Amino acid sequence: MLVLVAPGQGAQTPGFLTPWLDLPGAAERLAAWSDAIGLDLAHYGTQADADAIRDTAVAQPLLVAAGLLSAAALGDVTPGAVAGHSVGEITAAAFAGVLDDTAALTLVRKRGLAMAEAAAITQTGMSALLGGDPDTTVAHLEKLGLTPANVNGAGQIVAAGTLEQLAALEADKPEGVRRVVALKVAGAFHTHHMAPAVDALAKAAEDLTPADPRVAYVSNRDGQAVASGADVVSRLVGQVANPVRWDLCMETFQKLGATALIEVCPGGTLTGLAKRALPGVTTLALKTPDDLDAARELIAEHGAA
């Protein structure tokens, strides 16, 4: 059984879309999406520097566009399940047929703007903690006033909070944690700091007409497969200010019988977690179009088309 997943913010790198735009129809598709949301996705995906694409309002639509472009290049694929990490959940909603591509990009554009506005209220950020016992780590974070915003499994938890709180974490790591790595994001996402963005996203969601998922849609909230399109959208709205439970998503992949996992562009992060948490599951990250042939072979072996 094939699982198709989409990465979250921080996976983007300067120029990462450049090779994808050489594929037939890709540049035209990206141009149409750019016109629809008022953002030059081709510029940001091929020419902009790291600081420009770190901007939340840019990074989020750029990642969803990259995921949709790379998935389209695979052909007509029907995975057994789909999921996305944080903003990748919107990409996954398009994979599942809950939203069409333009609706997904329109929603993520509004999400990025709302979260950027919320992040500007207080200087905040996120740091990944590698290693350590999850319960010990969470208790230590709470003592420092930080939120375990992403519980990713495979020995990784992402802390979020003010820059002062994150500096205190650098100086006082939880027992057993090997490294604390600052992430390339511009705010404390999936925490109470994002509460203003929830209201803005709820208003934006009123314009959507979601369909029920065509395949199992696995939610970040609790790792459950969601059968209602309205429920998917409701969860997308609330998830902005709630922790991402990717560990529970991976547990669900296992329960569903996953045998292969493909991560769309810019892949790497989620396949890395899966390699450690899902032994026996074949993984592949779509980094460039050079990975497409191997992905199609994996689909032929593990997925329906």
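Residues numbered from 1 in each chain as written. Predicted model: local features only at pLDDT ≥ 70, side-chain atom pairs only at ≥ 80, totals over all residues. Heavy atoms only, no water.

A. Just the overall build of the chain, in detail. Looking only at helices and strands, the chain has 13 helices and 10 strands in total. For a compact globule of 305 residues, the expected C-alpha radius of gyration is about 19 Å, and the chain comes in at 18 Å, within 12% of that figure. Principal-axis analysis of the C-alpha atoms gives the chain an extent of 50 × 45 × 35 Å. Buried positions account for 56% of the 305 residues belonging to the chain. For the chain, restricting intrachain contacts to residue pairs at least 6 apart in sequence, the fraction spanning at least 24 positions comes to 74%. Total accessible area on the chain is roughly 12,200 Å²; 50% of this is exposed by carbon and sulfur atoms. Averaged over its 20 positive side-chain charges, the chain has a centre that lies 4 Å from the centre of its 33 negative ones. (Helix = DSSP H or I, 4+ residues; strand = E, 2+ residues; numbered from the N terminus. Rg over C-alpha atoms; globule rule 2.2 N^0.38 Å. Buried < 20%, exposed > 50% of the residue type's maximum accessible area, 1.4 Å probe, protein only. Contact = heavy atoms within 4.5 Å. Areas by Shrake-Rupley, 256 points an atom, 1.4 Å probe, with all protein chains shown as cover. Lys, Arg positive; Asp, Glu negative; His and termini not counted. Charge placed at Lys NZ, Arg CZ, Asp CG, Glu CD.)

B. A look at the sheet that holds strand β10 (residues 282-285). The mixed open sheet is built from 6 strands, whose spatial order is β8-β7-β2-β1-β9-β10. For this open sheet the edge positions go to β8 (225-226) and β10, each flanked by a neighbour on one side alone. Relative to strand β2 (residues 81-84), strand β1 (residues 2-6) runs parallel, the two sharing 4 bridges. Within β2, the position partnered with Leu 4 by the bridge is Val 82. (Pairing = 2+ DSSP bridges.)

C. Seen up close, helix α6 (residues 101-119). The terminal C-alpha atoms of α6, which comprises 19 residues, lie 26 Å apart, in line with the 27 Å expected from a rise of 1.5 Å per residue. Taken residue by residue, α6 has Ala 103, Ala 104, Leu 105, Leu 107, Val 108, Arg 109, Arg 111, Gly 112, Ala 114, Met 115, Ala 118 and Ala 119 as its buried positions. Summarising the contacts, the buried residues of α6 are in contact with α1 (26-37), α4 (56-73), α5 (88-95), β3 (124-131), α9 (195-205) and α10 (229-239). Among the residues of α6, the N-terminal cap falls to Asp 100, whose side-chain oxygen and the backbone nitrogen of Thr 102 are separated by 3.2 Å. (Expected span 1.5 Å × (residues − 1). Polar contact = N/O pair within 3.5 Å; in protein donor to acceptor, adjacent residues only side chain to side chain.)

D. Seen up close, the sheet that holds β3. With antiparallel pairing, the 4 strands of this open sheet are ordered in space as β4-β5-β3-β6. At either margin of the open sheet sits one strand with a lone partner, and together these are β4 (147-153) and β6 (177-182). Going across the sheet, the axis of each strand differs from the next one's by a mean of 25 degrees, ignoring polarity. Across 5 bridges, the pairing between β3 and β6 is antiparallel. Note on β6: the bridge partner recorded for Leu 130 is Arg 179. Of the strands in this sheet, β3, β5 (156-162) and β6 touch helix α8 (residues 163-171), which is tilted by about 135 degrees from β5. (Axes fitted to C-alpha atoms, helices over the stretch in contact; angles between N-to-C directions.)

E. Inspection of the layout of surface pockets at higher detail. For the largest pocket, the calculated volume is near 460 Å³. If you trace the largest pocket, you find 24 residues lining it, with Gln 9, Gly 10, Gln 156, Leu 183 and Thr 269 closest to the centre. Breaking the lining of the largest pocket down by element, the ones donating at least two residues are β3, β4, β5 and α12 (269-277). Residues that form the lining of the largest pocket fall into these classes: 12 nonpolar, 11 polar and 1 charged. (1 Å grid on protein atoms, 1.4 Å probe; cavity = no way out; pocket = protein on both sides within 12 Å on 5 of 7 lines; lining within 4 Å. Points joined across faces, edges and corners; volume = space filled by probe spheres on them. Nonpolar A, V, L, I, M, F, W, Y, C, P; charged D, E, K, R; others polar.)

F. Just the nonpolar core, in detail. Membership of the largest hydrophobic core comes to 80 residues, with the highest contact counts inside it found for Tyr 217, Ile 262 and Leu 286. Tallying contributions element by element places α4 first for this core, with 10 residues. Those residues in contact with Ile 262, other than ones at most four positions away along the chain, are Leu 2, Val 3, Leu 4, Val 5, Leu 284, Leu 286, Ala 295, Leu 298 and Ile 299. (Core = buried A, V, L, I, M, F, W, Y, C linked by side-chain atoms within 4.5 Å.)

G. Inspection of unusual backbone geometry at higher detail. Backbone torsion omega between Cys 265 and Pro 266 reads -5 degrees, so that peptide bond is classified as cis. Relative to the helices and strands, Pro 266 is located in the loop between β9 (260-263) and α12. Phi angles above zero are rare outside glycine, and Ser 86 is one such case at about 60 degrees. Relative to the elements of secondary structure, Ser 86 occurs in the loop between β2 and α5. A positive phi is found at Ala 154, a non-glycine position, where the angle reads about 55 degrees. Along the chain, the position of Ala 154 falls in the loop between β4 and β5. Judged by its relative accessible area of 28%, Ala 154 is partly exposed.

H. Representation of the pattern of salt bridges within the structure. As enumerated under the stated definition, the model contains 5 salt bridges in all. As a salt-bridge pair, Asp 222 and Arg 235 come within 2.9 Å of each other at their nearest N and O atoms. Of the two residues, Asp 222 sits in the loop between β7 (216-218) and β8 while Arg 235 sits in helix α10, which places them 13 residues apart along the sequence. Notably, a salt bridge pairs Asp 231 with Arg 235, separated by 3.3 Å at the nearest N-O pair. Taken together, the residues Asp 231 and Arg 235, both in helix α10 and 4 residues apart, mark about one turn of the helix. Classification of Asp 231 by relative accessible area gives partly exposed; the value is 30%. By relative accessible area, which is 9% here, Arg 235 ends up buried. Through salt bridges with shared partners, one network takes in Asp 222, Asp 231 and Arg 235. (Salt bridge = Lys/Arg side-chain N within 4 Å of Asp/Glu carboxyl O.)

Everything listed here is a matter of geometry and, on its own, says nothing about what the molecule does.
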